[in-house]
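Understanding the architecture of this molecule
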Amino acid sequence: PAHQTATNLASGGSAVAAKNGLGIEDNSPLVVPKVFQHRISFAHIGAILRGGIHCGSIWLRHTEGLTLENLEILQVVATILTKIKGPWILGGDWNVSPDTLRSSGWLNAIGGILVATNAATCNQSRYDYFVVAQQLEHAIVGIQLIDDHGFTPHHPVRLLLRGDARRKMTRKLS
């Protein structure tokens, strides 16, 4: 659901979607504090790997950069990622450049890698991309910018994963 603004307008929401028949379970009510549910969504999808994968969507506040409010959203996501078991993918409208997010140290804190296109995704900026658990790095094939989408000003992006990702996984002792 979108957040209602002070001017009685809706301020966008976030969502996770999967192809029909894969099995998707919305975990947002369980893991995302209610006050952040219009900015963060999480679901478990029964696909890609044995046991499925956790997929999340994030929407940081725009035109602010890494303000205290956006850092708080990132902290909530980091807390969620420590609670869930298994691999995860987080995509969204980050509203900060990939370089800004990399330099924040957040990726190291969560054990994630950033996957972004070299093309602009919103006006002249690259704001739409993915952060993926390091354990899935072997499965990443690439990322695509979608041109024929009908949205403005954003261009959606698509993360491409190997079809045999499960076969390439390795186990390691903790």
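Presented here is an overview of the structure given in this document. For clarity, every value in this text was computed on a predicted model and none was experimentally measured.

Ranked by internal contacts, the top residues of the largest apolar core, which has 26 residues, are I40, F42, W94, L101 and W106. Breaking this core down by element, the ones donating at least two residues are β4 (40-45), α2 (68-83), β6 (88-93), α4 (106-110) and β8 (128-133). Counting residues per element, this core draws most heavily on α2, which supplies 7 residues. In terms of nonpolar packing, the next biggest core, distinct from the first, is built from 14 residues, A47, I113, I143 and V157 among them.

A few words now on the sheet that holds strand β7 (residues 112-115). Pairing between sheet strands relies on hydrogen bonds along the backbone, with the strands arranged either parallel or antiparallel. Pairing in this open sheet of 6 strands is mixed, and the strands run β3-β4-β5-β6-β8-β7 from one edge to the other. Lying at the two open borders of the sheet, with one neighbouring strand each, are β3 (24-26) and β7. Averaged over all adjacent pairs, the angle separating strand axes in this sheet is 25 degrees, with direction ignored. As paired strands, β7 and β8 are joined by 4 bridges and run antiparallel to one another. What sits directly across from V115, in β8, is F130. Its contacts with the sheet place α2 against β4, β5 (53-59) and β6, and it is angled at close to 20 degrees to β4.

With that settled, the discussion passes to unusual backbone geometry. At T63, a position not held by glycine, the phi torsion is positive, near 60 degrees. Within the element layout of this structure, T63 appears in the loop between β5 and α2. Relative accessible area serves as the criterion here: at 76%, T63 is assigned to the exposed category.

Across its 16 residues, α2 extends 23 Å between first and last C-alpha, which sits within 8% of the 22 Å expected from 1.5 Å per residue. Among all positions of α2, only N70, I73, L74, V76, V77, A78, I80 and L81 are buried.

The final tally for this structure, using the stated rule, is 2 salt bridges. For E64, the salt bridge identified is with R61, shortest N-O distance 2.9 Å. Among the residues examined, E64 registers a relative accessible area of 28% and is labelled partly exposed. The exposure class assigned to R61 is partly exposed, which follows from its relative accessible area of 31%. Residue R102 is joined to D99 by a salt bridge in which the shortest nitrogen-to-oxygen separation is 3.1 Å. A residue pair is termed a helical-turn pair when its members lie 3 or 4 positions apart in one helix, as R102 and D99 do in helix α3 (residues 98-103) at 3 residues. Accessibility expressed as a relative area gives 42% for R102, which makes it partly exposed.

Cut-offs applied
- Residues numbered from 1 in each chain as written.
- Predicted model: local features only at pLDDT ≥ 70, side-chain atom pairs only at ≥ 80, totals over all residues.
- Heavy atoms only, no water.
- Core = buried A, V, L, I, M, F, W, Y, C linked by side-chain atoms within 4.5 Å.
- Buried < 20%, exposed > 50% of the residue type's maximum accessible area, 1.4 Å probe, protein only.
- Helix = DSSP H or I, 4+ residues; strand = E, 2+ residues; numbered from the N terminus.
- Pairing = 2+ DSSP bridges.
- Axes fitted to C-alpha atoms, helices over the stretch in contact; angles between N-to-C directions.
- Contact = heavy atoms within 4.5 Å.
- Expected span 1.5 Å × (residues − 1).
- Salt bridge = Lys/Arg side-chain N within 4 Å of Asp/Glu carboxyl O.

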